[in-house]
Amino acid sequence: MEQIEVSNSESDIRTIAVLTSGGDAPGMNAAIRAVTRAGIYFGMKVYGVHDGFKGLINGDFELLSRRNVSGVLNLGGTFLRTARCDEIETPHGQREAVRQLNNEGIEALVIIGGDGSMAGGQALIEKGFEKVVGIPGTIDNDIFGTDSCVGVDTALNTIMEAVDKIRDTAASHSRAFLVQTMGRECGYLAVQSAMISGAEMALVPEDPVPVEEIARTIENSYKLGKKHCIIIIAEGYQVPMVELGQKLDKMDLGFTTRAINLSYIQRGGTPTSFDRILASRMGFKTIQLIREGTFGVMTALQGGKIIGLPIVDVIGKHRSISEEYLQISNILSR
Ligand code: F6P
């Protein structure tokens, strides 16, 4: 049986802070809970920062107790709240953030968020606050180096349920549906959703296709005697969904076309067991890294293990989509 390695090499860190930043993702609360409870277990004082980097710049801290994180494991969103914060990209914002951390006596900072949040962490490191550990939390799964980010599995389940419902109405009306998923420039959610919902096609920014090919897919589905055709389109796809839908609807393809953007419902909801486990393991690992004195890293899931990866090796890199998954779902949907 594999044992949890609880490092004995205690660093002298006694006071840490945790924040959530960027778009919320289900499981962020579970990650805050894990950081807080593991931190307290190992003798640390744990502060929560409200509203992400915005709250950090304004010095909006709250001391967390074990009880503050009771009953949050199953909640979507983030009880510390989050924000988009352009100021953290400026030298002034970064200096203010470091000043607030030093002023509050915070020795290490835990950042839960996406690629932009990790970049914010790296900026603080470069401004002199070096003791930063990141936890990848975003539904987009666009962060390089980790098999999954906290929130992705829940979002996929939400998309799957939504597409199952859309299929009912699509089949009843003999329609083709374009279903838009989130993910910025990354097609991960679209590819995975196509496979789990049996969609006929996934349109991803990494691999744009001519509109004629999309039309052919719809027409072929009709000719094959299918009752509907579902196409998942990533939000970052080169042709906007509404424009594409209008073009397709004007063609004689057998099915008429409708389009739906699943939008923000993908970010909500109670986290799945996978996301709760991932968040708990990453939160716990974060405290282990802090205790060992390993900083400037992000926790990552690789082949079932949680490891620490240098943040500089992660930010700004594109996570490629799985060609294998695309191919499998293409074959299986025929
Ligand atoms: O990064 C998460 C995400 O939901 C993206 O998929 C989406 O493009 C973006 O955030 C939306 O951002 P906002 O919440 O600022 O509208």
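Participant: Please clarify how the sheet that holds strand E7 (residues 201-203) should be interpreted in this entry.
Facilitator: Strand order in this open sheet of four strands is E7-E8-E6-E9, and the pairing throughout is parallel. For this open sheet the edge positions go to E7 and strand E9 (256-261), each flanked by a neighbour on one side alone. Along the sheet, successive strands turn relative to each other by an average axial angle of 20°, direction set aside. Inspection of the sheet shows strand E6 (residues 175-181) paired to strand E8 (residues 229-234) by six bridges, in the parallel sense. Each residue of the ladder has a partner; that of Ala-176, found in E8, is Cys-229. Sitting on the sheet, helix H5 (residues 152-173) touches E6, E8 and E9, and the angle it makes with E6 is about 160°. Contacts between helix H7 (residues 211-223) and the sheet are confined to E6, E7 and E8, with E8 contributing the most and set at about 155° to the helix.

Participant: Just checking my understanding: could you explain the pattern of salt bridges for this structure?
Facilitator: Two side chains carrying opposite charge are able to pair once their charged atoms lie near each other. Inspection of every chain in the model, using the stated rule, returns seven salt bridges. Arg-267 serves as the salt-bridge partner of Asp-24, at 2.8 Å between the closest nitrogen and oxygen. One end of the pair, Asp-24, is in the loop between strand E1 (15-20) and helix H1 (28-41); the other, Arg-267, is in the loop between E9 and helix H9 (273-292), and 243 residues separate them in sequence. We note that Asp-24, like Arg-267, is buried. In this structure, Asp-164 and Arg-167 form a salt bridge, with 3.3 Å as the shortest nitrogen-oxygen distance. Residue Asp-164 and its partner Arg-167 are both found in helix H5; the two are separated by three residues, about one turn of the helix.

About the criteria used
- Residues numbered from 1 in each chain as written.
- Predicted model: local features only at pLDDT ≥ 70, side-chain atom pairs only at ≥ 80, totals over all residues.
- Heavy atoms only, no water.
- Pairing = 2+ DSSP bridges.
- Helix = DSSP H or I, 4+ residues; strand = E, 2+ residues; numbered from the N terminus.
- Axes fitted to C-alpha atoms, helices over the stretch in contact; angles between N-to-C directions.
- Contact = heavy atoms within 4.5 Å.
- Salt bridge = Lys/Arg side-chain N within 4 Å of Asp/Glu carboxyl O.
- Buried < 20%, exposed > 50% of the residue type's maximum accessible area, 1.4 Å probe, protein only.

Take it as geometry only, folks, not as evidence of what the structure does.
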